[in-house]
Amino acid sequence: MQLFPEILVVRGVLGEGVAAAANQIRQGTEILISRGATSQAIRAAFPALIHVTIQRTAFDYISALNLAQSVGSPIAAIALPHLVDGLTATARILNLHLRLYPIFKEEEVEPIILRAINEGASVVVGSSSTGIAAARLKVPYVVVQSGEESIIAAMNEAQRIYETMRINRAESSLLHAAVDAADNGIVAIDRMGRIVAYNLMAERIMGVGISDALSKPYSKLWPKFDFKMAIRNDSTPLYLSPDGSSEVAGTARPVKSHEETVGVVVSFQEKGHQHNLASPGKKTTGTGHIARAQFEDIQGSSPAMQRTVALAKRYAQTDSTVFIVGETGTGKELFAQSIHNFSQRAKKSFVAVNCSALPGSLLESELFGYVPGAFTGASSKGKAGLFEQADGGTIFLDEITEIEPHIQTKLLRVLQEKQVMRLGSDAITPFDVRIIAASNEDIPHLLDAGKFRSDLYYRLSVLMLNLPPLRERQEDIPLLCRYFLKLHTPKTALAPSFTPGALRQLCEWPWRGNIREMQNVMIRVATTVSEHLVEKETIRDLLEGTLCLGTDPDFSQGREESIRQALAKAGGKKGKAAATLGMSRTTLWRKMREIEM
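The following paragraphs examine the structure supplied in this document. (Residues numbered from 1 in each chain as written. Predicted model: local features only at pLDDT ≥ 70, side-chain atom pairs only at ≥ 80, totals over all residues. Heavy atoms only, no water.)

**What about the overall build of the chain?**
What counts here: Segments assigned H or I by DSSP are reported as helices when at least four residues long, segments assigned E as strands when at least two residues long, and all are numbered from the N terminus. Summary of the burial criterion: residues with accessible area below 20% of their type's maximum are buried, those above 50% are exposed, and those between are partly exposed, where the area comes from a 1.4 Å probe applied to protein chains only.
Within the chain one finds 24 helices and 22 strands. A buried classification covers 44% of the 597 residues belonging to the chain.

In structure tokens, the structure reads:
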């Protein structure tokens, strides 16, 4: 290692690799180098970690087989499948006959070595774990070693990656310094609506500290900020005070990477100090009705989800009405947007309306529009309804089963005739709109109870799409958890990994809120967990809602005293003490048992 004095070498066999890697990560290591099965195990345990695998060369295989042949024959290749494949290909070139014994778990090595010897093998060849087991059994063996060139190549690659990271950090520091030196307040918001950059002038103008703003939703600063409009338009003049007043003026501009909008940058100053924040006469365009999601955004490789996505793609190629049914949080609007973007209408408007969020009279005027003076409080200019606004595109009627009966009747007529009449008008306006409806209700029950018109249901349910809940695609849970955890971990930090016990806990959870509930839990993990490995107990507490932002970080050290104090203040009432500690009564009982109280 004289060529690479800055690289730390940690020795260990296969089963020790993940633990050794975890220990190095805790000490601040950013790049790991390993080979073979150890490499595979580390990659599985820490998928977000930068990892370089030492590759075996043909020369490494040839050297091992030549040495094995000099020991004796027949030769038994005992190793993980990828190593067995390499040995087999090399043996074919050398015209050697190998007996192949692939293994899949470390504990299988010794029994398979004994089996190979009983079947006549004179020598075994494989990885270091094969060699250790063979030595223990006093069986002749040869280990396929990685040559010096392979090791040096891997270390050079690791150093190249580290140097790139160092340069990127330096450039990032310069960029942050430049942003902080700006006279304007500057805030960058990613496409999920999270604040990812916030300069010193923004802190001064808004009166909100950097630590309270970064990684928070934009509503933390500006509750009335129209993010959808900002991400749509080239340059949008805005008034950004938290109370909606005009004390702070600014401009929001979308940022694109490879033709994809990745976020918005907002530049602003206190009113009276702004200098040409928006180009004079710059017009804003668009309706604000866009679909951002694509089928590629839908996470999941389970057969249930793959079937659902495939069916949705077939539906997208037609113009028929689609009825999406699924429990709350299963992603109905995500599928609706994806269907629109996969269809011939993708370049037209996608208009989404939550039918349960608006009272009947307001929903009616929003859907069908109105003319001036149609009702008290109506705009003097009138208003086009959502069906008119969606002309040529798609309208998504979410929670459609919440619509009041008289609107159901009018909606049925509108769908049948493909034309709409604004409130207060006798003029008819035709439209060309693709309908996607959705509900999380028990439709047959609603039909039987007369709460939803059967003729409207049959008009809407030309194509049915049933979204599977998480409990029917448990194999997707680890993937989804890692995806959302990485999504909500600050970009400056490395997303933690889950221990096997933590993953089991996540897979066993019922997830009644489905994806929405999972995303909330992963936000809790990203916000509250500072370790590189998320343990089972932490996940259990977070799932039960017992670990909150206000929890004292030193609680684990003084939990016995904390529990005693809470019980004393609650007069021995465990329910009240649990509420004081921010945990459930069940969790309090468990923690009391752990500390033998």
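Additional details are given in the paragraphs that follow.
**A few points about the sheet that holds strand β5 (residues 123–126)**
In plain terms, the rule: Whether two strands pair comes down to DSSP finding at least two bridges between them. Each axis is a line fitted through C-alpha atoms, and for a helix only the stretch in contact is used; angles between axes span 0 to 180 degrees, taken between their N-to-C directions. Should any heavy atoms of two residues lie within 4.5 Å, those residues are considered in contact.
Strand order in this open sheet of four strands is β4-β3-β5-β6, and the pairing throughout is parallel. The sheet is open, and its two borders are formed by β4 (98–102) and β6 (141–143), each paired with just one other strand. Taking each pair of neighbouring strands and ignoring which way they run, the sheet shows an average axis angle of 25°. Of the strand pairs in this sheet, strand β3 (residues 75–79) and β4 are connected by five bridges, and their pairing is parallel. For Ile-78, the partnering residue across the bridge sits in β4 and is Tyr-101. Helix α4 (residues 81–94) rests against β3, β4 and β5 of the sheet, and its axis sits at about 170° to β4.

**Some points on the environment of Ile-435**
Counting through the fold element by element, Ile-435 comes out in strand β19 (residues 434–439). Classification of Ile-435 by relative accessible area gives buried; the value is 5%. Residues Ile-435 and His-340, 95 residues apart in the sequence, show an inter-C-alpha distance of 10.0 Å. When near neighbours in sequence (up to four residues on either side) are disregarded, Ile-435 contacts Ser-320, Thr-321, Val-322, Phe-387, Ile-395, Leu-397, Leu-415 and Leu-460.

**Some remarks on α4**
Selection criterion: Expected span of a helix, by definition, is 1.5 Å for each gap between consecutive residues, and there is one gap fewer than residues.
With 14 residues, α4 should cover 20 Å at 1.5 Å per step; its first-to-last C-alpha distance of 20 Å lies within 8% of that length. Considered for burial, the residues of α4 that qualify are Leu-83, Val-84, Gly-86, Leu-87, Thr-88, Thr-90 and Ala-91. Buried positions along α4 lie against α3 (58–71), β3, β4 and β5. Directly after α4, the chain includes Asn-95, whose backbone phi takes a positive value near 60°.

**Structural notes on the packing of aromatic side chains**
How we decide: In this scheme Phe, Tyr and Trp rings, the latter by its six-membered ring, pair at centre separations within 6.5 Å, and the angle between planes marks the pair as stacked below 30 degrees, edge-to-face above 60, and tilted otherwise.
This structure, assessed with the given rule, holds eight aromatic pairs. With centroids separated by 6.2 Å and ring planes inclined at 20°, the aromatic side chains of Phe-350 and Phe-396 adopt a geometry described as stacked. Of the two residues, Phe-350 is situated in strand β13 (residues 350–354) and Phe-396 in strand β16 (residues 394–398); the sequence distance between them amounts to 46 residues. Seen in terms of ring centroids, Phe-387 and Phe-431 are 5.2 Å apart; in terms of plane orientation they differ by 40°. Their pairing is tilted. Highlighted residues: Phe-387 in helix α14 (residues 386–389) and Phe-431 in the loop between β18 (429–430) and β19, separated in sequence by 44 residues.

**Describing the pattern of salt bridges**
The line we're drawing: For salt bridges, the criterion is a side-chain nitrogen of Lys or Arg within 4 Å of an Asp or Glu carboxyl oxygen.
This structure, assessed with the given rule, holds 13 salt bridges. Note that Lys-383 is salt-bridged to Glu-366, the shortest N-O span being 2.8 Å. With Lys-383 in strand β15 (residues 383–384) and Glu-366 in helix α13 (residues 360–368), this pair connects stretches of sequence that are 17 residues apart. A relative accessible area of 29% means that Lys-383 is categorised as partly exposed. Connected through shared salt-bridge partners, Asp-319, Arg-345 and Asp-432 make up one network.

Take it as geometry only, folks, not as evidence of what the structure does.
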